[in-house]
Amino acid sequence: MHVVQSLLDIPRTCQNPDSVTCAAVYRWTHDATLAHAASWVLGRPASIVLIILVAFAIRWVVHRIIDRTVDRAEKGMLPGRLSGAQGGGRRGSQRRAQRAKSLGSLLHSISTGLIYGIATVMILAQLGVNIAPIIASAGVVGIAIGFGAQTLVKDFLSGIAMMVEDQYGVGDVVNLGTVSGTVEAIGLRVTRLRDVAGTVWYVRNGEILSVGNMSQNWARAVLDVRVGYDEDVASAERVLGEVAHTMWDDDEYRGVVIEEPEVWGVEDMTSEGVVIRVVLKTAPMQQWAVAREMRKRILNRFRHEDMSLPMSMLIRNDAPGEDLTEETEQA
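Going along each chain's sequence as written, the residues are numbered from 1 onward. Selection of residues for local features in this predicted model requires a pLDDT of at least 70, selection of side-chain atom pairs for listing and counting requires 80 or more, and totals for whole chains, interfaces and linings are taken over all residues. Derived side-chain values reflect all non-hydrogen atoms in the structure, with water molecules and hydrogen atoms excluded from consideration.

Undergrad: Which parts of the structure should I look at to understand helix α8 (residues 233–249)?
TA: Since the α-helix packs 3.6 residues into each turn, any two residues three or four apart lie on the same face. Helix and strand labels come from DSSP, where a helix needs a run of H or I of at least four residues and a strand needs a run of E of at least two; each type is numbered from the N terminus. Here the expected length of a helix is defined as 1.5 Å per residue gap, with one fewer gap than residues. Across its 17 residues, α8 extends 24 Å between first and last C-alpha, which sits within 8% of the 24 Å expected from 1.5 Å per residue. The set of residues buried in α8 consists of Ala 236, Val 239, Leu 240, Gly 241, Val 243, Ala 244 and Met 247. Here, two residues are considered to be in contact whenever any of their heavy atoms come within 4.5 Å of each other. Looking at the buried positions of α8, the neighbouring elements they touch are β6 (219–227), β7 (262–269), β8 (274–282) and α9 (287–304). Throughout this description, buried means an accessible area under 20% of the type-specific maximum (1.4 Å probe, protein chains only), exposed means over 50%, and partly exposed covers the range between.

Quick look at the structure:
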């Protein structure tokens, strides 16, 4: 009975569970005006300060968790385990660190926006603002943006997926279907490429349907060498194998040619001659330099062995973004 009577004595506006300060001051002073004033001067500012402090604390904890996750992602689960065999461990670590930092920055921005947004709505509620229309308006605006900016949302989601899946990174040579070149920048909305002619291309992430990465983990220089029908195929294969092994044994190319070369044999027979294929597994983005050096050594060795090359052999440019003489196969 005393509790009920005490509650009835408190003004109705102070019986709100959130008006603790108002009720306490009224019990002490039995002055409704002073109680309301204390609620505004002490209670509401204290609640707002508390909301801000809690928001900062939650943001700090979330960012710490994100930073630790990013640090573990930068180091990798198996640091350096395959770097020696693949010949690109350092570059792989740089790629992993760059991707982790990009995702960390994105998660920082998203978490900060959500936490501060919720804190702002709670502060408005403390100030007596009716937040129901705000929440409803936010939902309507979100739906409108979703319908009106579907392409933008698609680009952003595709950009996030590309970074998470590590489809390519800055410095990689890629083929995006409509354009090929070296990746200069990756954003959540667009990817910037520079082709072999120096032209800069901006490709929307949502429009990228397939990615051919010519510089991830390892590559393979594939050379199709034509010899005349009057040459002995077995001798030609032996010579090509010896030339390839000179690069394998060359200290200058140690770590560039990462596996013993192979001569796969006769690949085709054309009107120009017999096509013999020789392949060398290389470090990332080294396949073109290895193929050029191999052509030079093959030409010199064929001249030394007095072996003829068909005069009608097709010469192609092997620069990134153009028709490649050597094919590349990525891991």
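Undergrad: Whenever I open this one, unusual backbone geometry confuses me. Can you help?
TA: Most of the time, phi is negative for any residue but glycine, and the peptide bond is trans. The residue Met 285 is not glycine, and still its phi comes out positive at about 65 degrees. One can find Met 285 in the loop between β8 and α9. A positive phi angle is found at Asp 306, which is not glycine, with a value near 60 degrees. Inspection of the secondary structure assignment puts Asp 306 in the segment after α9.

Undergrad: What is the right way to look at the nonpolar core in this model?
TA: What tends to happen in soluble globular proteins is that the nonpolar side chains get buried as a cluster. Among the nonpolar cores identified, the biggest contains 23 residues, and Leu 223, Leu 280, Val 290, Met 294, Ile 298 and Phe 302 are the most heavily contacted of them. Of all the elements in the fold, those that place two or more residues in this core are β6, α8, β8 and α9. Take this core: its biggest share by element is six residues, from α8. Setting aside residues up to four positions removed in sequence, Val 290 forms contacts with Ala 221, Met 247, Val 256, Val 257, Leu 280 and Thr 282. The set of buried Ala, Val, Leu, Ile, Met, Phe, Trp, Tyr and Cys residues whose side-chain atoms join them within 4.5 Å is what this entry labels a nonpolar core. If you look at the next biggest cluster of nonpolar residues, it comprises nine residues, including Leu 176, Val 183, Leu 193 and Val 203.

So yeah, pure geometry; function would need other evidence.
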